Amino acid sequence: MPAPVRKAVIPAAGLGTRFLPVTKAIPKEMLPIVDTPTIQLVVDEAARAGIRDVIVVNGRGKGAIEDHFDHAYELEHTLRSRGKTADADALAAITHLVRIISVRQLQPLGLGHAVLCAREAVGDEPFAVLLGDDLIIDRGRPGIGQLADVHAATGAGVIAIMEVAAGQEHLYGVVAGDWSDGRLRVREMVEKPKPGTAPSRWAIVGRYVLPPSIWPLLAATRPGHGGEIQLTDALRELAASPDGLYGVVIDGERHDAGDKLGYLRANLAYAIARAELREPVLAMMRDLLETSG
Ligand code: G1P
């Protein structure tokens, strides 16, 4: 039986150029969805799936991420002295979600390289990778937990996939293979295929559970699409290895918070998923439509 997934890697070294100017001094991962940094939502997903150690791969200017998961003594103390116990408890809970381990990616050599930077911190056990641009509102079992379940049953690598509209394939890693038991045994994969060349419309979503056999494959991966070391290229080798690779459709609602429109949509979707905000936000949206139309 495969070992349980106890560790996760969150690559967070990107420059966030799609969100300038806000990302000039603020890490992209700290941009809020309503009132919660995107990275906290992703860490919370991992924590609810039983993951205890989260390795954040970061770079210069990302200190706010570590501070966010640290104990904020003065803030908590002030809140408690004002009788705001629930608010203070909520802040303290962020610190206890998981153990955060920071490692640095010294050069921006690509997603595969960012994950490889976490090799020593993860060691010889299966681990999860969660990309912060992809947010998942689940219906009970966290998205990454659903992948961990398939890993526990098969021992294989597992990636989340979704069917994208024709013409969108070039924005993703795209996979093809054979379906059985509701999962795709991956045979082919290509990172950001040129328009008209994708092997299917099944795109990779930023959630992965990987066996330790990925490490030597990643270490041997040469620069690919965009001159970067691509995780997808190492996964193609994993798919062809005895461990193998499955694609799974996560039960949940996926949001792409990595571009402006997707980010705004995610904010509205998370807001209307909250009981206290649902009605006022829907009323505000109707009002905005009427007055801007
Ligand atoms: C990354 C991966 C890609 C995947 C995507 C999902 O690309 O390289 O395979 O489909 O995340 O969000 P990025 O969007 O970081 O360019």
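Placed above this text is the structure.
Conventions adopted
- Residues numbered from 1 in each chain as written.
- Predicted model: local features only at pLDDT ≥ 70, side-chain atom pairs only at ≥ 80, totals over all residues.
- Heavy atoms only, no water.
- Helix = DSSP H or I, 4+ residues; strand = E, 2+ residues; numbered from the N terminus.
- Rg over C-alpha atoms; globule rule 2.2 N^0.38 Å.
- Buried < 20%, exposed > 50% of the residue type's maximum accessible area, 1.4 Å probe, protein only.
- Contact = heavy atoms within 4.5 Å.
- Pairing = 2+ DSSP bridges.
- Near = heavy atom within 4 Å.
- Polar contact = N/O pair within 3.5 Å; in protein donor to acceptor, adjacent residues only side chain to side chain.
- Areas by Shrake-Rupley, 256 points an atom, 1.4 Å probe, with all protein chains shown as cover.
- Nonpolar A, V, L, I, M, F, W, Y, C, P; charged D, E, K, R; others polar.

Looking at this model, I keep getting lost on the overall build of the chain. Mind explaining?
Helix and strand counts for the chain come out as 11 helices and 13 strands. Taking 293 residues into account, the globule formula puts the C-alpha radius of gyration at 19 Å, and the chain, at 20 Å, falls close to it. Projected onto its principal axes, the C-alpha positions of the chain cover 60 × 50 × 35 Å. Taking all 293 residues of the chain together, the buried fraction comes to 47%. Within the chain, contacts between residues at least 6 apart in sequence are counted, and of these 75% link residues at least 24 apart.

Help me understand the pairing of strand E1 (residues 7–11), please; the structure alone is not making it clear to me.
The side chains of a regular strand alternate, residue by residue, between the two faces of the sheet. Across the 5 residues of E1, 5 count as buried, placing the element largely inside the fold. Because side chains alternate across E1, one face comprises the buried residues Lys7, Val9 and Pro11, and the other comprises Ala8 and Ile10, equally buried. By the bridge criterion, 5 bridges tie E1 to strand E4 (residues 53–58) in an arrangement that is parallel. Counterpart to Ile10 in the pairing with E4 is Val56. Here E1 pairs with strand E6 (residues 127–130) via 3 bridges, running parallel. Paired with Lys7 across the two strands is Phe127, which belongs to E6.

What's the story with the environment of Ala240 in this structure? I'm lost.
Along the chain, Ala240 falls in helix H9 (residues 231–240). Each C-alpha atom of the pair Ala240 and Arg187 lies 7.1 Å from the other, and the pair is 53 residues apart in sequence.

Quick question: what am I supposed to make of the site of the ligand here?
Inspection of the region around the ligand gives Leu111, Leu131, Asp134, Tyr172, Gly173, Glu191, Lys192, Ile204, Gly206, Thr232 and Arg254 as its neighbouring residues. With respect to the ligand, the backbone of Gly173 contributes an N or O atom lying 3.0 Å from an oxygen atom. One of the side-chain nitrogen or oxygen atoms of Lys192 is found 2.7 Å away from an oxygen atom of the ligand. When the ligand is considered free in solution it has 380 Å² of accessible area, and contact with the protein chains removes 78% of it. Split into classes, the residues belonging to the shell around the ligand amount to 4 nonpolar, 3 polar and 4 charged.

Can you help me understand unusual backbone geometry in this one?
The general pattern is negative phi for most residues beyond glycine and trans for most peptide bonds. Cis peptide bonds are those with omega within 30 degrees of zero, and the linkage from Leu20 to Pro21 qualifies with 10°. As for its position among the elements, Pro21 is in the loop between E1 and strand E2 (32–33). In the Ramachandran plot, Val34 falls in the positive-phi region, its phi being about 60° despite a non-glycine side chain. Residue position: Val34 is located in the loop between E2 and strand E3 (36–37).

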